[in-house]
Amino acid sequence: MFGKLLIANRGEIALRIQRACRELGIPTVAVHSTADAQAMHVRLADESVCIGPPSAKDSYLNVAAILTAASITGADAIHPGYGFLSENAGFAEMVEDHGLTFIGPSAAHIRMMGDKITAKAAMASLGVPLVPGSPGAVADLTEAAAVSETIGYPVLIKAAAGGGGRGMKVAHTADELSEAWRVARAEARAAFGNDAVYIEKYLDKPRHIELQVLADAFGNVVHLGERDCSLQRRHQKLLEEAGSPALTGAERDALGATVCAGLTKLGYRNAGTLEFLYQDGQFAFIEMNTRLQVEHPVTEMITGIDIVREQIRIAAGQPLGYTQAEVKFSGHAIEVRVTAEDPETFAPSPGRVDVFHAPGGLGVRVDSALYAGYVVPPHYDSMVAKLIVHGTDRPTAIARLRRALEEFAVVGIKTTIPLHQRIAADPAFNAGDYDIHWLERFVAGE
Ligand code: MV4
């Protein structure tokens, strides 16, 4: 096992990783920007190193400063959390080149999944179902038109280097194709410095369902079930559930079996998430995330498996130690992301937190780095807390969510707690009747 672990992140996820390390008996090193000197993750770590000024580019994305911090503190492993350097294959490679362990997949697998075209090609070869579309990159407008005729309109043009919704353009008809083509290529080039694009059939009302997997270095791969992450606004998730209200256990088991067999063949290692669109009873793979995800706690609540602990054990060369049949799913879990934003306009609301009272009781978990007196800096992501509830079934979990949201007190900054209360009270949400477009309409008052 590792002698000391450096956490290359901040906020609630830095605390989450520290908690796993403490339970494993591993001392931790926090890194922080000058804006985060008073942050909770610095206070709770065994050691801390300031790595630069507030701007993330000069601190949490500063590879040289982070490697230096690891070197001077004698850390032998680095956990990147989510965001920042977590899906940077070059960083993973550099960590390993410095004789340290990167807590995550190999640089080769991060690179493969970072390019959506190579990710899809890999999944197709492993028998994972895809959205109908171009077999690879589409070279020019002539080829784009031919592919689109074959699969049928509407189509979606996506950037190979994209993901998370950036660089996508819909063409509803052949008339719209040339404009969509031009804009998609230009955006891909500007945003990613890579104008490679591919085409998919546009699904008009899918759910976003993702599958959590764990893979050790000995070819053992298990899935921990699915999460329904359809409730998003501008590609930011607001609420996630495990399991999906739309899925049967049999559908999950079948998809899981295909995915686990495929990842064994691929030699994938550590935690990962496969994203699918689900419409008309069909799954279609779109992307794979090679990092720990924000919403991992809902999966932990229904399986009892500590995903961060498993990531660390796997990276240290330990076997999973259990089979798929030993992974038991129990009850239903829901997470809401509380952000420091106006709940109606979504305008950022950083500043001093005067009162912080987290809810508690049976089936309630709060992952947050907030405390009374803390000043939320304006430089980073606006998420300040995750509220996770677990119950024996979905209605019980929703009742618990409503109760916990009422107890939650954050005074001094605006938060999205009132929005979450409105969602939790909504009949369509309670019926589990929603797709990826539902939340945009809900916040627009439609
Ligand atoms: C799609 C799609 C419809 N059809 N692909 C958006 C983010 C990126 N991960 C993939 N995305 C989509 N891909 C096809 N072929 C619709 C979306 C999409 C979406 C997906 C998941 C969650 C929210 C979304 C909101 C708008 C569009």
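Residues numbered from 1 in each chain as written. Predicted model: local features only at pLDDT ≥ 70, side-chain atom pairs only at ≥ 80, totals over all residues. Heavy atoms only, no water.

### So, the domain arrangement of the protein
Right, on to step 1. Under the domain assignment used here, the protein contains domain 1 (5–89), domain 2 (132–201) and domain 3 (207–443).
Right, on to step 2. If you average the C-alpha positions of domain 1 and of domain 3, the two centres end up 23 Å apart.
Right, on to step 3. Taken together, the contact pairs 32 residues of domain 1 with 27 residues of domain 3.
Right, on to step 4. With both chains or domains summed, domain 1 and domain 3 bury close to 2,100 Å², and 60% of this area falls on carbon and sulfur atoms.
Right, on to step 5. Taken as a group, Glu 12, Arg 16 and Glu 87 account for 28% of the area that domain 1 buries against domain 3, more than any other trio of residues on that side.
Right, on to step 6. In this structure, the connection of domain 1 to domain 3 is made through four salt bridges.
Right, on to step 7. For Glu 300, the salt bridge identified is with Arg 16, shortest N-O distance 2.6 Å.
Right, on to step 8. Of all the secondary structure elements, the ones that give two or more residues to the side of domain 1 that touches domain 3 are helix 1 (11–24) and helix 2 (40–44).
Right, on to step 9. If one sorts the elements of the side of domain 1 that touches domain 3 by residue count, helix 1 sits on top with 11 residues. (Domains from an automatic or database assignment. Contact = heavy atoms within 4.5 Å. Buried area = accessible area lost by both parts, 1.4 Å probe. Salt bridge = Lys/Arg side-chain N within 4 Å of Asp/Glu carboxyl O. Helix = DSSP H or I, 4+ residues; strand = E, 2+ residues; numbered from the N terminus.)

### Some points on the pattern of salt bridges
Right, on to step 1. By the definition in use, this model includes 29 salt bridges.
Right, on to step 2. Between Arg 22 and Asp 46 there is a salt bridge, with the nearest N and O atoms lying 3.3 Å from each other. Of this pair, Arg 22 sits in helix 1 while Asp 46 sits in the loop between helix 2 and strand 3 (47–52), and the two are 24 residues apart along the sequence.
Right, on to step 3. Residue Arg 22 is classed as partly exposed on the basis of its relative accessible area of 45%.
Right, on to step 4. One salt bridge in this structure joins Asp 367 and Arg 365, with 3.0 Å as the shortest N-O distance. Across this residue pair, the class does not change: Asp 367 and Arg 365 are buried.
Right, on to step 5. Because the salt bridges share partners, they merge into one network encompassing Glu 210, Arg 227, Lys 237, Glu 240, Glu 295 and Arg 337. (Buried < 20%, exposed > 50% of the residue type's maximum accessible area, 1.4 Å probe, protein only.)

### Details of the packing of helix 3 (residues 63–73) against helix 4 (residues 89–97)
Right, on to step 1. Interhelical geometry of helix 3 versus helix 4 gives an angle of 30° and a closest axis separation of 11 Å. Overall, the two elements helix 3 and helix 4 adopt an arrangement that is roughly parallel. Handedness of the crossing formed by helix 3 with helix 4: right-handed. Contacts between helix 3 and helix 4 involve Val 63, Ile 66 and Leu 67 on the former and, on the latter, Phe 91, Met 94 and Val 95.
Right, on to step 2. In terms of residue class, the contact of helix 3 with helix 4 is made up of six nonpolar, no polar and no charged. (Axes fitted to C-alpha atoms, helices over the stretch in contact; angles between N-to-C directions. Parallel < 35°, antiparallel > 145°, perpendicular 65-115°, else oblique. Left-handed = near helix turned anticlockwise from the far one by under 90°. Nonpolar A, V, L, I, M, F, W, Y, C, P; charged D, E, K, R; others polar.)

### Overview of helix 6 (residues 116–125)
Right, on to step 1. The complete set of buried residues in helix 6 reads Lys 116, Ile 117, Ala 119, Lys 120, Ala 122 and Met 123.
Right, on to step 2. Turning to helix 6, the residues buried within the fold contact helix 5 (107–114), strand 6 (155–163), strand 8 (197–201), helix 9 (249–266), strand 12 (270–279) and strand 13 (282–289).
Right, on to step 3. Capping of helix 6 at its N-terminal end is provided by Asp 115; its side-chain oxygen lies 2.8 Å from the backbone amide nitrogen of Ile 117.
Right, on to step 4. Gly 127, located one to two residues past helix 6, shows a positive phi value of around 85°. (Polar contact = N/O pair within 3.5 Å; in protein donor to acceptor, adjacent residues only side chain to side chain.)

### Points about the state of the cysteines
Right, on to step 1. All told, the structure shown has zero disulfides when counted by the stated rule.
Right, on to step 2. Here Cys 260 is not disulfide-linked; the sulfur of Cys 229 is the nearest cysteine sulfur, at 18 Å. (Disulfide = S-S within 2.5 Å.)

### Observations concerning the site of the ligand
Right, on to step 1. Near the ligand lie 18 residues; those nearest to it are Lys 158, Glu 200, Lys 201, Leu 203 and Glu 287.
Right, on to step 2. Contacts to the ligand include Leu 203, whose backbone N or O atom sits 2.9 Å from a nitrogen atom.
Right, on to step 3. Within the side chain of Glu 287, an N or O atom sits 3.0 Å from a nitrogen atom of the ligand.
Right, on to step 4. When the ligand is considered free in solution it has 530 Å² of accessible area, and contact with the protein chains removes 93% of it.
Right, on to step 5. Of all the secondary-structure elements, those providing two or more residues to the shell around the ligand are strand 6, strand 8, strand 12 and strand 13. (Near = heavy atom within 4 Å. Areas by Shrake-Rupley, 256 points an atom, 1.4 Å probe, with all protein chains shown as cover.)

### A closer look at the packing of aromatic side chains
Right, on to step 1. Inspection of every chain in the model, using the stated rule, returns 11 aromatic pairs.
Right, on to step 2. Here the aromatic rings of Phe 91 and Phe 102 are separated by 6.1 Å at their centres, their planes lie at 80°, and the arrangement is edge-to-face. Here Phe 102 lies in strand 5 (residues 101–102) and Phe 91 lies in helix 4, a separation of 11 residues in the sequence.
Right, on to step 3. Relative accessible area serves as the criterion here: at 1%, Phe 91 is assigned to the buried category.
Right, on to step 4. Ring centres 6.0 Å apart and planes at 75° place the aromatic pair Phe 276 and Phe 285 in the edge-to-face group.
Right, on to step 5. Phe 276 gets classed as buried once you look at its relative accessible area, which sits at 0%.
Right, on to step 6. A residue is classified by how much of its surface remains accessible, and Phe 285, at 0% relative accessible area, is buried.
Right, on to step 7. When the ring centre of Tyr 371 is taken as reference, the NZ or CZ atom of Arg 43 above it lies at 4.3 Å. (Phe/Tyr/Trp six-rings, centres within 6.5 Å; stacked < 30°, edge-to-face > 60°. Lys NZ or Arg CZ within 6 Å of the ring centre and 35° of its normal.)

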